[in-house]
Amino acid sequence: PEPRRRAALASGRRCPHRTAARQARPMSRAGRAPLPAPTLRAMPSDDLDAAALELAAERATDRTQAVALFNHAWSLLDLPARTPAEDFDLIHATHASRWHWGRAGGPQEWAIGEWQCARTYAVLGRPEPAMVHARRCADLCEEHQLDGFIVASAHEALSRAYVVHGDLTEPG
């Protein structure tokens, strides 16, 4: 201890700088300095939890947007006649829906998004992009071993793309 403390300890007097509050604090093992008061700090896992919550919220927002855009595009596809502006709106809504599904969905939603893109282009009489999206839909079905109505939708999209292209023969 410092000289002033040593003298106080040797005389049996109480150290003037040792208050009751300081004496109540736990001492370190060496007995020299009080242990620091515990503080609550964010743990790395807290950051991960916050990031996971933020990611989940973003995915939920993307899912909501994907559904709304899909339904909007479908309402435009159902119109008996569309203006050129509605045709562009249809294209943009379809691609935006697919993009949001790419962030929030899985292989089934991706394939359905590609199917809707193919359907959109087929309805608009644009064979090349219709074929690109129909093939992508079929590729996703094969790659992720999807089955049922998704595979049937992929074949329907390919058929429509071939019809728009003017090719009524069997592919291959």
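The text that follows walks through the structure, step by step, so that each part is easy to find. (Residues numbered from 1 in each chain as written. Predicted model: local features only at pLDDT ≥ 70, side-chain atom pairs only at ≥ 80, totals over all residues. Heavy atoms only, no water.)

1. Digging into the state of the cysteines
To be explicit about the condition: The rule for a disulfide is simple: a pair of cysteine sulfur atoms within 2.5 Å. The buried label goes to any residue with under 20% of its type's maximum accessible area, the exposed label to any with over 50%, and the partly exposed label to all in between, with areas taken from a 1.4 Å probe on protein chains only.
Taken as a whole and assessed by the stated rule, the structure comprises zero disulfides. In this structure Cys137 is a free cysteine whose sulfur lies 4.6 Å from that of Cys141, the closest cysteine sulfur available. Using a relative accessible area of 0% as the deciding quantity, one classes Cys137 as buried. On the accessibility criterion, Cys141 (5% relative accessible area) is buried.

2. Here's the deal with helix α7 (residues 149–165)
In plain terms, the rule: Secondary structure follows DSSP: runs of H or I at least 4 residues long count as helices, runs of E at least 2 residues long count as strands, and numbering of each begins at the N terminus. Multiply 1.5 Å by the residue count of a helix minus one, and that product is the helix's expected span.
Under the 1.5 Å per step criterion, the end-to-end length of α7 is 24 Å for 17 residues, consistent within 8% with the ideal 24 Å. Residues of α7 that are buried: Ile150, Ser153, Ala154, Ala157, Leu158, Ala161 and Tyr162. A positive phi of about 95 degrees marks Gly166, the residue just after α7.

3. A look at the side chain of Gln116
Condition: The definition of a polar contact used here is a pair of N or O atoms within 3.5 Å, where within protein one atom must be able to donate a hydrogen and the other to accept one, and adjacent residues in sequence count solely through side-chain atom pairs. Residue contacts are defined here by distance: any two heavy atoms, one from each residue, within 4.5 Å place the two residues in contact.
Within the secondary structure layout, Gln116 lies in helix α5 (residues 107–123). Separated by 3.2 Å, the side chain of Gln116 and the backbone oxygen of Phe70 make a polar contact. If we ignore the near neighbours within four places in the chain, the residues touching Gln116 are Phe70, Ala73, Trp74, Thr94 and Ser97.

4. A short note on the packing of aromatic side chains
The condition is simple: Aromatic rings from Phe, Tyr and Trp, with only the six-membered ring used for Trp, were paired whenever their centres fell within 6.5 Å, and each pair was classed as stacked if the ring planes differed by under 30 degrees, edge-to-face if by over 60, and tilted otherwise.
Counted under the stated rule, the structure contains two aromatic pairs. Note on Phe70 and Trp74: the rings are 6.5 Å apart at their centroids and 0 degrees apart in plane angle, and the pair reads as stacked. Taken together, the residues span about one helical turn, with Phe70 and Trp74 both in helix α3 (residues 44–77) at a distance of four residues. A network of ring pairs unites the aromatic residues Phe70, Trp74 and Trp115 as a single cluster.

This is a description of form; function is not addressed.
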